[in-house]
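# Coordinate analysis (summary)
In case you want the letters, here they are:
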Amino acid sequence: VDLSTSIAGVHLPNLLFNASGVCCQTTDDLKQMQDSASGSLITKSATCAQREGNPSPRYVPLPTGSINSMGLPNEGYQYYLDYAKSYDYSSPKPLFISLSGLSLAENKTMCEAFVAAKLPCVLEINFSCPNVPGKPQLGYDMEAMEAALNTLAPILRQPFGIKLPPYFDIAHFDAAAAIFNKFDDLAYVTCINSVGNGLAIDFETETALIKPKDGFGGLGGFMVLNTALANVNAFHRRLPTKKVIGVGGVTSGKEVFLHVLAGASAVQIGTTLKEEGPAVFARILKELEEIMEKKGYTSLEDFRGKVKTL
Ligand code: RRO
């Protein structure tokens, strides 16, 4: 079976890669991704300056997923620009770079620097970090998001993507999609970032499980699968000329299959990669192949976006 796909003009030998933030902050992390069975890799969201992030504990696994308030720890965009300059583009795996400026001015500076370097990597702008105290998620402010795209798209003038927060209302799917459809170079949306500002409490000690923000943090893993599928499908239906990368709730080949049915052209893995390590990719690819063989599908196009409704 053929698990290859394409996004933003680049070919992926298979549809799986890491969710930004997991196993991708340092060159050592990224080397592990390069050496894995993934079809691509994406870097940790970068800011202009290096950041330590929030105090620990800031990531905790939960019975059906995870909670995190990392606070955008990263090496600063120059580090990822240097990595992108040294990346071996003859590799079958294309490189995605995630940028998450703390302001529009920061996103502008970083986009300009990457464009000036004329590299064949794909830029993904993160509009949905839920964990920097005092910084609301851009994706929930439609006017600010449109203003950001109005500034960044003319700088980029090449296919790019955006990472979105989960939406929970049909009016919000409609409003966001109407904005995205105004930008031809916006090639794809990645749905979803973590479900922001959950709270996990230990029953025995009656204490929040993570330290930052009084215990509030983004939820990921299996518990967010259905929210992720809804967002993938909502944007798949509303963005006919763009692609969707699905992320959220993948623990096995079955959830990858469901993301593709909902309309995903590629699928990222966060919590399960964090918990299982890079061997997760070979396992889940094998599981997906077995599902497709049983169902008689030979390529992703055979079932992408073909979820039936009653
Ligand atoms: O670093 C984080 O706290 C973080 C980011 Br930037 C993000 O986009 N999503 C998330 O769950 N954590």
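A short tour of the structure in this document, coming up.

Reading the values: rules and limits
- Residues numbered from 1 in each chain as written.
- Predicted model: local features only at pLDDT ≥ 70, side-chain atom pairs only at ≥ 80, totals over all residues.
- Heavy atoms only, no water.
- Helix = DSSP H or I, 4+ residues; strand = E, 2+ residues; numbered from the N terminus.
- Contact = heavy atoms within 4.5 Å.
- Polar contact = N/O pair within 3.5 Å; in protein donor to acceptor, adjacent residues only side chain to side chain.
- Axes fitted to C-alpha atoms, helices over the stretch in contact; angles between N-to-C directions.
- Parallel < 35°, antiparallel > 145°, perpendicular 65-115°, else oblique.
- Left-handed = near helix turned anticlockwise from the far one by under 90°.
- Nonpolar A, V, L, I, M, F, W, Y, C, P; charged D, E, K, R; others polar.
- Pairing = 2+ DSSP bridges.
- Near = heavy atom within 4 Å.
- Areas by Shrake-Rupley, 256 points an atom, 1.4 Å probe, with all protein chains shown as cover.
- Buried < 20%, exposed > 50% of the residue type's maximum accessible area, 1.4 Å probe, protein only.
- Lys, Arg positive; Asp, Glu negative; His and termini not counted.
- Salt bridge = Lys/Arg side-chain N within 4 Å of Asp/Glu carboxyl O.
- Phe/Tyr/Trp six-rings, centres within 6.5 Å; stacked < 30°, edge-to-face > 60°.
- Lys NZ or Arg CZ within 6 Å of the ring centre and 35° of its normal.
- Right-handed = clockwise from strand over helix to strand, strands pointing away.

## Regarding the environment of Ser-4
Note on placement: Ser-4 falls in the segment before strand E1 (5-7). Counting along the chain gives 200 residues from Ser-4 to Glu-204, while the straight-line C-alpha distance between them is 47 Å. Contact partners of Ser-4, with chain neighbours within four places excluded, come to His-11, Leu-12, Pro-13, Asn-14 and Leu-300. Reaching out from Ser-4, the side chain makes a polar contact with the side chain of Asp-2 at a distance of 2.8 Å.

## A few points about the packing of helix H2 (residues 77-86) against helix H3 (residues 104-116)
Viewed as axis vectors pointing N to C, H2 and H3 meet at an angle of 20°, and their least axial separation amounts to 11 Å. The orientation of H2 with respect to H3, classified from their angle, is roughly parallel. You can see that H2 and H3 cross each other, and the crossing is right-handed. Of the residues in H3, those touching H2 at Tyr-77, Tyr-80, Leu-81 and Ala-84 are Thr-109, Met-110, Ala-113 and Phe-114. Partitioned by chemical class, the residues of the contact of H2 with H3 number seven nonpolar, one polar and no charged.

## A closer look at the sheet that holds strand E3 (residues 16-18)
If you trace the eight strands from one edge of the open sheet to the other, you get E3-E16-E15-E10-E9-E8-E7-E4, paired in parallel fashion. Both outer strands of the open sheet, E3 and strand E4 (41-42), are each paired with one neighbouring strand and no more. Pairing geometry for strand E9 (residues 160-164) and strand E10 (residues 186-191), over five bridges, is parallel. Across the sheet, Gly-161 pairs through a bridge with Tyr-188, a residue of E10.

## So, the site of the ligand
Every residue near the ligand is listed here: Lys-44, Asn-68, Met-70, Gly-71, Leu-72, Pro-73, Asn-126, Cys-129, Pro-130, Asn-131, Asn-193 and Ser-194. In this structure, an oxygen atom belonging to the ligand sits 3.1 Å away from a main-chain N or O atom of Met-70. In the environment of the ligand, an oxygen atom lies 2.9 Å from a nitrogen or oxygen atom belonging to the side chain of Asn-126. Protein contacts shield 92% of the accessible area of the ligand, which totals 310 Å² for the unbound molecule.

## Let's talk about the side chain of Glu-255
Here Glu-255 shows up in helix H7 (residues 253-262). Comment: no salt bridge for buried Glu-255; closest opposite-charge side chain is Lys-254, at 6.0 Å. Aside from chain neighbours lying at most four places away, what touches Glu-255 is Phe-222, Leu-225, Gly-249 and Val-250.

## As for the packing of aromatic side chains
Taken as a whole, this structure holds 13 aromatic pairs when the rule is applied. On the numbers, 5.8 Å between centres and 85° between planes, the contact of Tyr-140 with Tyr-167 is edge-to-face. Placement of the pair is Tyr-140 in the loop between strand E8 (122-126) and helix H4 (142-156) and Tyr-167 in the loop between E9 and helix H5 (170-180), with a sequence separation of 27 residues. Residue class for Tyr-140 comes out partly exposed when judged on its relative accessible area of 40%. On the basis of relative accessible area, Tyr-167 is assigned to the buried category, the value being 2%. Centre to centre, the rings of Tyr-167 and Phe-235 are 5.9 Å apart; their planes meet at 65°, and the pair counts as edge-to-face. On the criterion of sequence distance, the pair formed by Tyr-167 in the loop between E9 and H5 and Phe-235 in helix H6 (residues 225-238) is long-range, its members being 68 residues apart. An aromatic cluster is present here, built from Tyr-140, Tyr-167, Phe-173, Phe-180 and Phe-235 joined pairwise through their rings. Its end group placed over the ring of Tyr-59, Lys-274 keeps NZ or CZ at 5.1 Å from the ring centre.

## A word on the pairing of E8
With five of five residues buried, E8 is to be regarded as a mostly interior element. Here E8 shows two buried faces, one formed by Val-122, Glu-124 and Asn-126 and the other by Leu-123 and Ile-125. Pairing of strand E7 (residues 95-99) with E8, which is carried by four bridges, proceeds in the parallel orientation. Bridge pairing in E8 places Leu-99 opposite Ile-125. Remark: the E7/H3/E8 crossover connection has right-handed handedness. Pairing of E8 with E9 involves three bridges; the strand directions are parallel. Bridging from a neighbouring strand, Glu-124 pairs with Gly-161 of E9. Crossover connection from E8 via H4 to parallel E9: handedness right-handed.

## Concerning the environment of Glu-290
Take Glu-290: it is sitting in helix H9 (residues 280-295). For Glu-290, a relative accessible area of 39% gives the class partly exposed. Placed 117 residues apart in sequence, Glu-290 and Phe-173 show a C-alpha to C-alpha distance of 34 Å.

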